[in-house]
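# A look at the structure
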Number of protein chains: 2
Amino acid sequence: MKKEKAIVVFSGGQDSTTCLLWALKEFEEVETVTFHYNQRHSQEVEVAKSIAEKLGVKNHLLDMSLLNQLAPNALTRNDIEIEVKDGELPSTFVPGRNLVFLSFASILAYQIGARHIITGVCETDFSGYPDCRDEFVKSCNVTVNLAMEKPFVIHTPLMWLNKAETWKLADELGALDFVKNNTLTCYNGIIADGCGECPACHLRSKGYEEYMVMKGERA
Amino acid sequence: MKKEKAIVVFSGGQDSTTCLLWALKEFEEVETVTFHYNQRHSQEVEVAKSIAEKLGVKNHLLDMSLLNQLAPNALTRNDIEIEVKDGELPSTFVPGRNLVFLSFASILAYQIGARHIITGVCETDFSGYPDCRDEFVKSCNVTVNLAMEKPFVIHTPLMWLNKAETWKLADELGALDFVKNNTLTCYNGIIADGCGECPACHLRSKGYEEYMVMKGERA
């Protein structure tokens, strides 16, 4: 365990909760930052707070409603249907969202004396978001370091994992059930197994089943 | 003149007004973005609006008060004295401020279909801000392009100019008096020649006098 401080970009979802559990194993001091930008379901913020509390971790909540002025799209406004057209960026795409999150997370890291920044972005379920790619995160790391003359390290523990492998990591961290029962992934705001119908729920349950097969608990 | 669209990060100060005049000469369509984060003097925002109006340019105003949550320091809160200790970053230093401005400016550029982003940062009056350096701006350009899969170009027309040369550029653009009489630089919120006492006013008038000597209008 590194005797250093880390900040986790934390939404209360499966991925960032798995990252938080990973960070708690890796670093002596861990805090979380949650960005609130009128998410389709403000429970997302409540879920993030309650998970942070359960794990005894400080949670910083930053109001990012400014993003809505700039990127009216499905993820942030209920009146826009979520649809994905071939070859086009999904309508849930908030351009530069992770760029903004990582910029603010690194400013917060500067202020609280944390050197490590953890984000759950991953290239495997890329789903067309350019700012989920490894190449972007590495470039962003260099840029935030130059901006503030600090040797931050941005970690992406899930970058090359698919959903089944993300469940596997939670299991290895001894928290498979914790993640399954406490996190919010569903576009319709239902925690744990969710509505079971939306694209996010499909991705989540498919990954879980695959992991169960991998683990030999399913035929 | 390029038949393309540009957005100028615009505060109503000498530097960004000179950049706006430069952009109006270089690009067919120009808009401006002003970030409001409870600046020491909200006239800064009013001055920016009035200059944009005088030049017939659209001005986007973005509320960036979130920065205050993250970086309590002199520039944004009146109760902290502005002082500069040797070797230390000036107390006016809002860590990562230009990183945030350029991130939001590029998201706005994405939304309004602008490819060019202009910022007045310069390395000559570096005064210790790491995110005023050329190296940072170039890295940030790569990062924002990767974040949104767009070929943005960030321009820094003042990067290697000192204050006298910035006045010279305004003069070459036929706007020396316009810049002198309309812009706000002074920490105490007095436009044009300002209070004449604060560090910003000293830097501004010293540069102007040097340019007058350069131009042969002063001994």
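Chain A is annotated in UniProt as 7-cyano-7-deazaguanine synthase from Bacillus subtilis. As recorded by UniProt, the Catalytic activity comment attached to chain A reads in full: "7-carboxy-7-deazaguanine + NH4(+) + ATP = 7-cyano-7-deazaguanine + ADP + phosphate + H2O + H(+)". Listed in UniProt under the heading Subunit, the comment for chain A reads: "Homodimer."

## Here we look at the relation of the copies chain B and chain A
Between chain B and chain A, which share one sequence, the superposing operator has a rotation angle of 180° and an axial displacement of 0.0 Å; the RMSD is 0.0 Å. These values place the two chain copies in the arrangement generated by a two-fold rotation axis.

## Notes on the UniProt feature "binding site: Zn(2+)" in chain A
Residues and elements named next belong to chain A. With numbering matched to this structure, UniProt assigns "binding site: Zn(2+)" to Cys 186, Cys 195, Cys 198 and Cys 201. Judged by maximum C-alpha separation, these annotated positions cover 16 residues in sequence but sit close together in space, the widest gap being only 6.9 Å. Here Cys 198 is to be found in the loop between α7 (176-182) and α8 (199-214). Residue Cys 198 is classed as buried on the basis of its relative accessible area of 8%. Excluding anything up to four places from it in sequence, Cys 198 contacts Cys 186, Tyr 187 and Asn 188. Within the fold, Cys 201 resides in helix α8. Judged by relative accessible area, Cys 201 falls into the buried class, the value being 3%. When neighbours within four sequence positions are excluded, Cys 201 is seen to be in contact with Cys 186, Asp 193, Gly 194, Cys 195 and Gly 196.

## Here we look at the environment of B:Val100
Mapped onto the elements, B:Val100 comes out in helix α4 (residues 97-112). Among the residues examined, B:Val100 registers a relative accessible area of 1% and is labelled buried. Expressed as a C-alpha distance, the spacing of B:Val100 and B:Phe35, which sit 65 residues apart in the sequence, is 10.0 Å. With residues near it in sequence (within four places) discarded, B:Val100 still touches A:Phe104, A:Ile107, B:Met64 and B:Leu67.

## A closer look at the environment of B:Glu149
As for its position among the elements, B:Glu149 is in the loop between α5 (134-148) and β5 (153-155). Taking the relative accessible area as the measure of exposure, B:Glu149 reaches 49% and is therefore partly exposed.

## Describing the sheet that holds strand β1 (residues 2-9) of chain B
All names here are of chain B. Reading across the sheet, the five strands line up as β3-β2-β1-β4-β5 and stay open at both edges, with parallel pairing between neighbours. Each of the sheet's edge strands pairs with one partner strand only, and the pair in question is β3 (58-63) and β5. Neighbour to neighbour, the strand axes of the sheet diverge by 25° on average, direction disregarded. Taken together, the six bridges between β1 and strand β2 (residues 27-36) define a ladder with parallel strand orientation. When the bridges of β2 are listed, Lys 5 appears paired with Glu 29.

## As for the UniProt feature "binding site: ATP" in chain A
Residue and element names in this part refer to chain A. The UniProt record marks Phe 10, Ser 11, Gly 12, Gly 13, Gln 14, Asp 15, Ser 16, Thr 17, Thr 18, Cys 19 and Leu 20 with the feature "binding site: ATP", using the residue numbering of this structure. Relative to the assigned elements, Thr 17 resides in helix α1 (residues 14-26). For Thr 17, a relative accessible area of 0% puts it in the buried group. Non-local contacts of Thr 17, meaning those with residues more than four positions away in its chain, are made with Phe 10, Gly 12, Ile 51, Phe 178, Val 179 and Thr 183. Here Gly 13 takes part through its backbone oxygen, which lies 2.6 Å from a polar atom of the side chain of Thr 17. Residue class for Thr 18 comes out buried when judged on its relative accessible area of 0%. For Thr 18, the residues in contact, after removing those within four places along its chain, are Leu 158, Thr 166, Leu 169, Ala 170, Leu 173 and Val 179.

## Here's the deal with the packing of aromatic side chains
Residue and element names in this part refer to chain A. Inspection of the entire model under this criterion finds seven aromatic pairs over all chains. A centroid spacing of 4.5 Å and a plane angle of 5° characterise the contact between Phe 35 and Phe 101, whose relative ring orientation is stacked. Highlighted residues: Phe 35 in strand β2 (residues 27-36) and Phe 101 in helix α4 (residues 97-112), separated in sequence by 66 residues. Overall, the relative accessible area of 4% leaves Phe 35 in the buried class. The buried category is assigned to Phe 101, whose relative accessible area is 7%.

## Observations concerning the packing of helix α6 (residues 163-172) of chain A against α8(A)
Geometry of a packed helix pair, given as the angle between the helix axes and the separation of the axes. All names here are of chain A. Two numbers describe how α6 lies on α8: the axes approach to 7 Å, and their chain directions differ by 65°. Classed by the angle they form, the pair α6 and α8 counts as roughly perpendicular. α6 and α8 meet at a crossing whose hand is right-handed. Contact residues: α6 offers Lys 163, Ala 164, Glu 165, Trp 167, Lys 168 and Asp 171, while α8 offers Leu 203, Arg 204, Gly 207, Tyr 208, Glu 210, Tyr 211 and Met 214. Classifying every residue of the contact of α6 with α8 by side-chain character gives six nonpolar, one polar and six charged.

## Observations concerning the nonpolar core
Residues A:Phe35, A:Met64, A:Phe104, B:Phe35, B:Met64 and B:Phe104 are the most contacted members of the largest nonpolar core, which totals 69 residues. Looking at which element gives the most residues to this core, the answer is α4(A), with 10 residues. If you look at the next biggest cluster of nonpolar residues, it comprises 34 residues, including B:Phe10, B:Phe27, B:Cys186 and B:Cys198.

Conventions adopted
Residues numbered from 1 in each chain as written. Chains lettered and ligands numbered in written order. Predicted model: local features only at pLDDT ≥ 70, side-chain atom pairs only at ≥ 80, totals over all residues. Heavy atoms only, no water. UniProt positions renumbered as here; feature names shortened; annotations may be inferred. Least-squares fit on C-alpha atoms with pLDDT ≥ 70 in both. Helix = DSSP H or I, 4+ residues; strand = E, 2+ residues; numbered from the N terminus. Buried < 20%, exposed > 50% of the residue type's maximum accessible area, 1.4 Å probe, protein only. Contact = heavy atoms within 4.5 Å. Pairing = 2+ DSSP bridges. Axes fitted to C-alpha atoms, helices over the stretch in contact; angles between N-to-C directions. Polar contact = N/O pair within 3.5 Å; in protein donor to acceptor, adjacent residues only side chain to side chain. Phe/Tyr/Trp six-rings, centres within 6.5 Å; stacked < 30°, edge-to-face > 60°. Parallel < 35°, antiparallel > 145°, perpendicular 65-115°, else oblique. Left-handed = near helix turned anticlockwise from the far one by under 90°. Nonpolar A, V, L, I, M, F, W, Y, C, P; charged D, E, K, R; others polar. Core = buried A, V, L, I, M, F, W, Y, C linked by side-chain atoms within 4.5 Å.

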